[in-house]
Amino acid sequence: MHNNRRPVLPIGRTSEPVGSAPYLGEAHGPFAFLDAIDAATWRVMAMACALAAVVALVLNGGVGTAYADDHCDPRQAACQGFWYTDSTGDTWTAEGLRRVSDDLTANGTASRYYKRFHDAIVDPSGWSTKAYGMMCVNGSDNGSDTCSYALGTDAIRFHLVGIDQDARADGKGLAGLTFMTTDGRAIPTHSMNADDSSVGGWRDSALRKDLNAADGNIWSKTPQAFRDNVLAVSKKSHNGAGEGYGSAQATVDKMWLPEAGELWNDGTGTGANGVGLRQYEFFSAHGVGSWGLAQALLDSTSVPAADSFRWLRGANYASGFRVIISDGSYSVNDASHRFGVVPGFSL
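Residues numbered from 1 in each chain as written. Predicted model: local features only at pLDDT ≥ 70, side-chain atom pairs only at ≥ 80, totals over all residues. Heavy atoms only, no water.

### Let's talk about the overall build of the chain
Okay, step 1: The helix and strand tally for the chain stands at seven helices and 14 strands.
Okay, step 2: Taking all 347 residues of the chain together, 46% fall into the buried category.
Okay, step 3: In the chain, 62% of the contacts between residues at least 6 apart in sequence involve partners at least 24 apart.
Okay, step 4: Counting every atom, the chain has about 16300 Å² of accessible surface; 56% of that belongs to carbon and sulfur. (Helix = DSSP H or I, 4+ residues; strand = E, 2+ residues; numbered from the N terminus. Buried < 20%, exposed > 50% of the residue type's maximum accessible area, 1.4 Å probe, protein only. Contact = heavy atoms within 4.5 Å. Areas by Shrake-Rupley, 256 points an atom, 1.4 Å probe, with all protein chains shown as cover.)

### Thoughts on the packing of aromatic side chains
Okay, step 1: Counted by the stated rule, this structure contains 22 aromatic pairs.
Okay, step 2: Look at F158 and F179: their rings are 5.3 Å apart centre to centre, the planes differ by 75°, and that puts the pair in the edge-to-face class. Of this pair, F158 sits in strand 4 (residues 155–167) while F179 sits in strand 5 (residues 174–183), and the two are 21 residues apart along the sequence.
Okay, step 3: The buried category is assigned to F179, whose relative accessible area is 0%.
Okay, step 4: Relative to F226, the ring of W219 has its centre 5.9 Å away and its plane inclined at 55°; by these criteria the two rings are tilted. Considered together, W219 and F226 belong to a single accessibility category, that of buried residues.
Okay, step 5: Three or more aromatic residues joined by ring pairs make a cluster, and in this case those are F82, Y84, W92, Y113, F117, F158, F179, W219, F226 and F345.
Okay, step 6: Across from the ring centre of W256, 3.9 Å away, lies the NZ or CZ of K235, which sits over that ring. (Phe/Tyr/Trp six-rings, centres within 6.5 Å; stacked < 30°, edge-to-face > 60°. Lys NZ or Arg CZ within 6 Å of the ring centre and 35° of its normal.)

### Considering the sheet that holds strand 12 (residues 330–334)
Okay, step 1: Taken together, the three strands give an open sheet; going across it, the order is 10-11-12, and neighbouring strands pair in antiparallel fashion. Where the open sheet ends on each side, the last strands, each with one partner, are strand 10 (310–317) and strand 12. Across the sheet, the mean angle from the axis of one strand to that of its neighbour is 40°, orientation sign disregarded.
Okay, step 2: Across four bridges, strand 10 lies against strand 11 (residues 320–324) in antiparallel orientation. Bridging from a neighbouring strand, R310 pairs with I324 of strand 11. (Pairing = 2+ DSSP bridges. Axes fitted to C-alpha atoms, helices over the stretch in contact; angles between N-to-C directions.)

### Some points on helix 2 (residues 94–107)
Okay, step 1: Between its first and last C-alpha, helix 2 extends 20 Å over 14 residues, near the 20 Å set by a 1.5 Å rise per residue.
Okay, step 2: Against the buried residues of helix 2 lie strand 1 (82–85), strand 2 (91–92), helix 3 (114–121), strand 4, strand 5 and helix 5 (224–229).
Okay, step 3: Looking at the residues trailing helix 2, positive phi occurs at G108, about 55°. (Expected span 1.5 Å × (residues − 1).)

### Re helix 3
Okay, step 1: When we look at burial in helix 3, the residues that qualify are Y114, F117, H118, A120 and I121. Seen from one end, helix 3 has its buried residues packed into an arc of 150°, which puts them on one side.
Okay, step 2: Contact partners of the buried residues in helix 3: strand 1, strand 2, helix 2, strand 4, strand 5 and helix 7 (281–285). (Arc of directions from axis to C-beta.)

### A few points about the state of the cysteines
Okay, step 1: Enumeration over the complete set of coordinates arrives at two disulfides.
Okay, step 2: C72 shares a disulfide with C79; S-S distance 2.0 Å. Because the torsion about its S-S bond is 100°, the bridge between C72 and C79 counts as right-handed.
Okay, step 3: We classify C72 as buried; its relative accessible area is 13%.
Okay, step 4: The connectivity of the disulfide bonds within the chain can be written as 1-2, 3-4, using the sequence rank of each bonded cysteine. (Disulfide = S-S within 2.5 Å.)

### Overview of unusual backbone geometry
Okay, step 1: Phi at Y149 takes a positive value of approximately 60°, unusual for a residue other than glycine.
Okay, step 2: On the secondary structure map, Y149 appears in the loop between strand 3 (132–136) and strand 4.
Okay, step 3: Judged by relative accessible area, Y149 falls into the buried class, the value being 11%.
Okay, step 4: With a phi close to 55°, D164 is a non-glycine residue in the positive phi region.

### Here we look at the pairing of strand 8 (residues 248–253)
Okay, step 1: By the alternation rule, side chains of strand 8 split into Q249, T251 and D253, which are all buried, and A248, A250 and V252, of which none is buried.
Okay, step 2: Here six bridges tie strand 7 (residues 233–238) to strand 8, and the two strands are oriented antiparallel to one another. Pairing of H238 across the sheet is with A248, part of strand 8.

Written as structure tokens, this is what we have:
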């Protein structure tokens, strides 16, 4: 039989409140609690849900999931000795950048992060004064230890040079973000090898071990957060002595020195670019061509004052490797000399 019962009204009330929702009958079973919610409460709940959805979309650039540890204040220990500020002013942790990188790997130019990071690469002023990162290289994670982020003593500065350019060594596509040190004064000068030999090239060099081995005197002083999130990538370099100059050797690196062909593009497939290297977009966007003088981008203030040269990873003759010289072009020098170190890495 149809149930036409009206709700029991409180004592003293002779009718339902004006504006109340029409009575639709009592709810039963697990939904009985719904009978106690009036129309006004339903409207408030619906508005709150809609507002929460909008806030979530804004925080996530439109879609996706936000993580509390994506961002940090550079003055606080939460950065764990490593941070990067993008072109919109957001500061990212190493873990947050890795998530951005994975999204760029999967979605390329369609990634919701592409524009805010790509804008730093094509900034007409060169190395952006707004979008850059800092990493402690004094053995500190800015947590239990202390990092002042002081250039020349505690930390290096780095900039974004490429998006989806370096092949991940795990075979999962291209690394979303590639960075290069632009102020490496906090890293002491190093020799490429103890003696004047290029045998084994970059692959067997002492400096590569310092940048990649667990006990390497550069790698071991980087923050744990960086070491946990950096991507190993595949690199090509000019061979060392006895292996055929002009052909390439392959390595897998977490930190590496640039090769000439990644900075300069001679457009012929020979010379600096003879081992099939691809110039990073930052340098192509700023017109660094064949033997182009990149003084404004690679000037001598980026390394310790003891010497204004910086190592490149490509071997050149029996005893030498390439170097960036003080005017921003490149030359060759003996492996035992001590020069500046401006490493790159991918996340």
